[in-house]
Amino acid sequence: MLSAWDRRDRPPEEGLAAELRGFAVDKTFLSSLKGILLETELALTFIIFICFTASISAYMAAALLEFFITLAFLFLYATQYYQRFDRLNWPCLDFLRCVSAIIIFLVVSFAAVTSRDGAAIAAFVFGIILVSVFAYDAFKIYRTEMAPRATQGECLCCEERRCPRPLPLANSS
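Residues numbered from 1 in each chain as written. Predicted model: local features only at pLDDT ≥ 70, side-chain atom pairs only at ≥ 80, totals over all residues. Heavy atoms only, no water.

Under the annotation held in an unreviewed UniProt entry, the chain carries the name CKLF like MARVEL transmembrane domain containing 5 and is attributed to Prolemur simus.

Have a look at this one:
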């Protein structure tokens, strides 16, 4: 029978136990532009959650839900665990997360400012700042991950080397 002292000298196990050790945080991601954007979104959603908790508790669920969704994306990207789910289109999911957060925070921020409470006005200001951060994040995701790119001399419409459809002339008279 092996004791705990004997098990520590054995090589690591294969399978599920070895997979669970793969949650190492990539520190270069946390200092990259995407990491900084996710951290900023996380901090601002937490501030908005606190402001809504202090003033209008009916709107705090939206901020809390977006806080947990952003936290999950930050965890998945920082640990590179998202690469294990190769069937999901991660840039599209991240883009949809940003667009839905823009819509939700615009509606909630403008609804909260009507109460004229100090914390609600602060939530409105932070909400507008957060919407701009989410919009920039969505723009960067679309620009770098989702927009079609053509190499030099390649046609975007049919992916051939030379486009079979010539461009119409501006002065055809």
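Moving on, there is more to tell.
**Quick notes on the layout of surface pockets**
If you add up the space inside the largest pocket, you get close to 290 Å³. Where the lining of the largest pocket is concerned, the elements lending two or more residues are α4 (33–54), α6 (90–112) and α7 (118–146). For the lining of the largest pocket, the class distribution of residues is eight nonpolar, two polar and six charged. (1 Å grid on protein atoms, 1.4 Å probe; cavity = no way out; pocket = protein on both sides within 12 Å on 5 of 7 lines; lining within 4 Å. Points joined across faces, edges and corners; volume = space filled by probe spheres on them. Helix = DSSP H or I, 4+ residues; strand = E, 2+ residues; numbered from the N terminus. Nonpolar A, V, L, I, M, F, W, Y, C, P; charged D, E, K, R; others polar.)

**Quick notes on the nonpolar core**
Among the nonpolar cores identified, the biggest contains 22 residues, and Ile48, Phe52, Ala63, Phe105, Leu130 and Phe134 are the most heavily contacted of them. Put simply, the parts of the chain that give this core at least two residues each are α4, α6 and α7. Here the element with the most residues in this core is α7; it accounts for eight residues. In contact with Leu130, other than residues within four places in its own chain, are Glu41, Leu44, Thr45, Ile48 and Phe105. By size, the runner-up hydrophobic cluster in this structure holds ten residues, among which are Phe29, Phe67, Leu74 and Trp90. (Core = buried A, V, L, I, M, F, W, Y, C linked by side-chain atoms within 4.5 Å. Buried < 20%, exposed > 50% of the residue type's maximum accessible area, 1.4 Å probe, protein only. Contact = heavy atoms within 4.5 Å.)

**Describing the UniProt feature "transmembrane region" (unreviewed entry) in the chain**
Per the UniProt record, "transmembrane region" (unreviewed entry) is annotated on residues 67–83, 95–113 and 119–139. Between the first and last C-alpha atoms of residues 95–113 the distance is 27 Å; the span itself is 95% helix and 0% strand. For residues 119–139, helix accounts for 100% and strand for 0%, while the C-alpha atoms at its two ends are 30 Å apart. (UniProt positions renumbered as here; feature names shortened; annotations may be inferred.)

**Things to note about α4**
The periodicity of an α-helix, 3.6 residues per turn, causes residues three or four positions apart to be oriented the same way. The end-to-end C-alpha distance of α4, which contains 22 residues, comes to 32 Å, matching closely the 32 Å that a straight helix rising 1.5 Å per residue would cover. Turning to α4, its buried residues number three or more, namely Lys34, Gly35, Leu37, Leu38, Glu41, Leu42, Leu44, Thr45, Ile48, Phe49, Cys51 and Phe52. Those residues of α4 that are buried are in contact with α3 (27–30), α5 (60–78), α6 and α7. (Expected span 1.5 Å × (residues − 1).)

**Considering the packing of aromatic side chains**
All told, the structure shown has 14 aromatic pairs when counted by the stated rule. Considering the side-chain rings of Phe29 and Tyr77, the 5.9 Å spacing of their centres and the 40° angle between planes classify their relative orientation as tilted. Taken together, the residues span a long stretch of sequence, with Phe29 in helix α3 and Tyr77 in helix α5 at a distance of 48 residues. No difference in accessibility class separates Phe29 from Tyr77, as the two residues are buried. Grouping aromatic residues by their ring pairs yields a cluster made of Phe29, Phe73, Tyr77, Tyr81, Tyr82, Phe85 and Trp90. A cation over a ring is seen here: Arg97 above Phe73, with NZ or CZ 5.2 Å from the ring centre. (Phe/Tyr/Trp six-rings, centres within 6.5 Å; stacked < 30°, edge-to-face > 60°. Lys NZ or Arg CZ within 6 Å of the ring centre and 35° of its normal.)

**A closer look at α6**
The first and last C-alpha atoms of α6 sit 32 Å apart over 23 residues, in line with the 33 Å expected at 1.5 Å per residue. Turning to α6, its buried residues are Trp90, Pro91, Asp94, Arg97, Cys98, Ala101, Ile102, Phe105, Val108, Ser109 and Ala112.

**Examining a nonpolar patch on the surface**
Taken together, Leu33, Tyr136 and Phe139 make up a surface patch of nonpolar side chains, about 290 Å² in accessible area. Considering the arrangement of structural elements, one finds Leu33 in helix α4. Judged by relative accessible area, Leu33 falls into the partly exposed class, the value being 42%. (Patch = residues over 30% accessible without salt bridge, like charges linked within 9 Å, V, L, I, M, F, W, Y side chains within 5 Å. Areas by Shrake-Rupley, 256 points an atom, 1.4 Å probe, with all protein chains shown as cover. Salt bridge = Lys/Arg side-chain N within 4 Å of Asp/Glu carboxyl O.)

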